[in-house]
Amino acid sequence: MATRGTNRARLLLVSLLVTSLLLITLDLRGVSVVSSIRGFTQSALAPFQSFGSTLISPIGQFFSDLFNLNNTRERIDELEKENQELKAQVIFNKDIEGELKQLKGVLDLAGKARFKTVSARVISKGGTATISESIVIDQGSSAGIRRDMTVIAASGLVGVVKSTTANASVVMLMSDPSFRVGVRVAGSQFMGVLSGEGQNIFSLQMLSAAADLSVGDVLLSRGSSGDAPFVPGVPVGKIVFVENATGQLTKEARVESFVDLNSIGVVSVVLDSRGSNPGDALVPAAPRPAPTITVFVTPSPNE
Amino acid sequence: MSINRVPISSGLLLLIFLFQEAFVNRINFFLGGFALYLAFAIAWILREERSSAVLIGFLAGLIADLSPTLEAPFGLWTFTMTGLAFLIVTYVRGSLDSNLSPLTLSVVTTIFSTFAIALFVIFGAILGQDVPSFSVIARELIGNALWSFVLAPLYIPLAIRSHKLSLSARER
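No experiment lies behind these values; they were computed from the predicted model shown.

Draft legend 1. Fine view of the overall build of chain B. Broken down by element type, chain B carries seven helices and zero strands. Ordered by position from the N terminus, the helices and strands of chain B form the series α-α-α-α-α-α-α. Taken over 172 residues, chain B has a buried fraction of 54%. Residue pairs in contact within chain B that sit at least 24 positions apart in sequence constitute 77% of those at least 6 positions apart.

Spelled out as structure tokens, the structure:
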């Protein structure tokens, strides 16, 4: 009896494994039914993700803050002084204010470049099980968004639209390991390719061995043919480390993105660049040093 | 496993998947993230007999494949979870005490939900998917293991109840 049960389980296992291999094969061959299943799922999930986003947004940082209590002690002390009755309202307002600040920033950036954009809220992120760096936004094809459109935030490039449904889009973040963007160094115009590595640090490979790189250099997107997937001139990041190994055919560097990809709440999708190339106009202004006030006191001989 | 259990099992798994996609994914966990859905599915599989476990693994994988943010080909999670379910019930479940203690259940669930992600990454790499750097994968795996273990008292009773709910009166 036990052997019969084992055989039945093995037969079931083999048939289910074959079924899953068939699904993989169909998907890799681009069969539309299989490919559209995820689009359908996204349409179905979008209302729940919107609701979840509203609900989770004020407490989304709870678990990470729990492990960084020392770093946030000052913040906690400050919050403790506030009136208990207003605390919930303050947290809610703060969340809205943060989103507004991000929205203002991204609209400023798009306005400066004369891009036609549509703004969207981030309603979900790719989970641990997906091992991909992506987000879901609450605007889709009904707002004019299509695959391979550039997605920006207040400080610069976020990623590229990977798929859309009527009311939501999946955006591949620039930190995804499969993400590549052509960039140029603001000022010197040397060109290179930036690759995602799963976090906020990226690797840059220059096209020319003669490229002169230095820490702090700003990188801008080079733009693609027909502005898809990348419009030109969007700030991407700044160089934080230049690899000076001898014998390299091309120069390599480590880059930090301008956008903190872990805390984006509002983004804009560039619908149309209107043929404009902002050149170096979008390079973020360097922080101005705060003036130091020096007071000279001359003691009088009587004192 | 009776065919009547398939709709209710799929429904319960879909609910947890929905919760994962709409709520859990929005939380910024310390060190990577937490795959509640995977941990829940593994805890459920541990309570099933062999044929049922394979079928639950298949259903759980099929639902995981629906995730819109997934880059991997459709069917990869199905393949991973089906094989893993068979592995768990054949080689792991049999060597454990028949009455799993909550601690054992938590540890085994933690290990195999993390192992499932590792297997998924490996199979993805074999199929030509881009793989993140080792440090990123290690952080995700460690983070998932940490949270799967810490939050086990929340989702394991839920998995046990879901399993019981899916059983017919005769099977109970």
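Draft legend 2. View of the overall build of chain A. Regarding its fold elements, chain A presents five helices and 12 strands. The buried share of chain A, reckoned over its 303 residues, is 38%. Look at the contacts in chain A between residues 6 or more apart in sequence, and 62% of them connect residues 24 or more apart.

Draft legend 3. Quick look at the sheet that holds strand E12 (residues 266–272) of chain A. Residues and elements named next belong to chain A. The sheet built from six strands closes into a barrel, its strands ordered E1-E2-E5-E4-E3-E12 with antiparallel pairing. On average, each strand axis in the sheet is inclined to that of its neighbour by 45°, with strand direction left out of account. As paired elements, strand E2 (residues 134–137) and strand E5 (residues 169–173) share four bridges and run antiparallel to each other. If you follow Ile135 over to E5, its bridge partner there is Val171. In the packing of helix H2 (residues 32–56) onto the sheet, the strands contacted are strand E1 (116–125), E2, strand E4 (156–164) and E5, and the crossing angle to E1 comes to about 80°.

Draft legend 4. Structural view of the nonpolar core. Phe40(B), Ala41(B), Ile45(B), Val54(B) and Ala85(B) are the most contacted members of the largest nonpolar core, which has 60 residues in total. Mapped onto this core, the elements with two or more residues apiece are helix H1 (2–28) of chain A together with helix H1 (5–22), helix H2 (36–45), helix H3 (50–64), helix H4 (76–92), helix H5 (102–126), helix H6 (134–150) and helix H7 (152–166) of chain B. Look past the residues within four positions of Ala41(B) in its chain and what remains in contact with it is Leu13(B), Ala60(B) and Met81(B). One finds Met172(A), Leu173(A), Val181(A) and Val255(A) within the second-largest nonpolar core, a separate group that totals 58 residues.

Draft legend 5. Inspection of the interface of chain B and chain A at higher detail. Listed as interface residues are 49 residues of chain B and, on the opposing side, 49 residues of chain A. Of all the secondary-structure elements, those providing two or more residues to the side of chain B that touches chain A are H1, H2, H3, H4, H5 and H6 of chain B.

Draft legend 6. Highlighting the pairing of E4(A). All names here are of chain A. Most of E4 sits inside the fold, with nine of its nine residues counted as buried. The pairing of strand E3 (residues 150–153) with E4 spans four bridges and is antiparallel. If you follow Val151 over to E4, its bridge partner there is Gly159. Counting the residues between successive antiparallel strands, the hairpin from E3 to E4 contains two residues. Once E4 ends, the chain turns through four residues before running back antiparallel as E5.

Draft legend 7. Structural context of H2(A). All names here are of chain A. Taking 1.5 Å as the rise per residue, H2 with 25 residues should run 36 Å; its terminal C-alpha atoms sit 34 Å apart, in good agreement. The sharpest bend along H2 measures roughly 40° and falls at Leu45, with the proline Pro47 sitting one to four residues further on. Restricting attention to buried positions, one finds in H2 the residues Val34, Arg38, Gln42, Leu45, Ala46, Gln49, Gly52, Ser53 and Ile56.

Draft legend 8. Structural detail: H7(B). Residues and elements named next belong to chain B. Helix length check: H7 (15 residues) gives 21 Å between terminal C-alpha atoms against 21 Å at 1.5 Å per residue, within 8%. Along H7, the positions that sit buried rather than exposed are Ala152, Tyr155, Ile156, Ala159, Ser162, His163 and Ser166. Projection of H7 onto a plane perpendicular to its axis shows the buried side chains occupying an angular sector of 125°, all on one side. The exposed set on the far side of H7, more than 90 degrees from its buried face, consists of Pro153, Leu154, Pro157, Arg161 and Lys164. Its buried side turned inward, H7 meets H1, H2, H5 and H6.

Draft legend 9. Region of the structure containing the pairing of E3(A). Residues and elements named next belong to chain A. Residues Thr150 and Ile152 of E3 are buried on one face, and the alternating residues Val151 and Ala153, pointing to the opposite face, are buried as well. Of the strand pairs in this sheet, E3 and E12 are connected by two bridges, and their pairing is antiparallel. Across the sheet, residue Ile152 finds its bridge partner in E12, namely Ser268.

Draft legend 10. A look at the sheet that holds strand E9 (residues 218–221) of chain A. Residues and elements named next belong to chain A. Pairing is antiparallel in the closed barrel, where six strands are placed in the order E6-E7-E8-E11-E10-E9. On average, adjacent strands in this sheet sit at an angle of 40° to one another, irrespective of strand direction. Direction of pairing for strand E6 (residues 180–185) relative to strand E7 (residues 191–195): antiparallel, over a ladder of five bridges. Bridging across to E7, Arg180 finds its partner in Ser195.

Rules and cut-offs
- Residues numbered from 1 in each chain as written.
- Chains lettered and ligands numbered in written order.
- Predicted model: local features only at pLDDT ≥ 70, side-chain atom pairs only at ≥ 80, totals over all residues.
- Helix = DSSP H or I, 4+ residues; strand = E, 2+ residues; numbered from the N terminus.
- Buried ≥ 20, exposed ≤ 12 C-beta atoms within 10 Å, placed from the backbone.
- Contact = placed C-beta atoms within 7 Å.
- Pairing = 2+ DSSP bridges.
- Axes fitted to C-alpha atoms, helices over the stretch in contact; angles between N-to-C directions.
- Core = buried A, V, L, I, M, F, W, Y, C linked by C-beta atoms within 7 Å.
- Expected span 1.5 Å × (residues − 1).
- Bend = angle between axes of the 7 residues up to and from the residue.
- Arc of directions from axis to C-beta.

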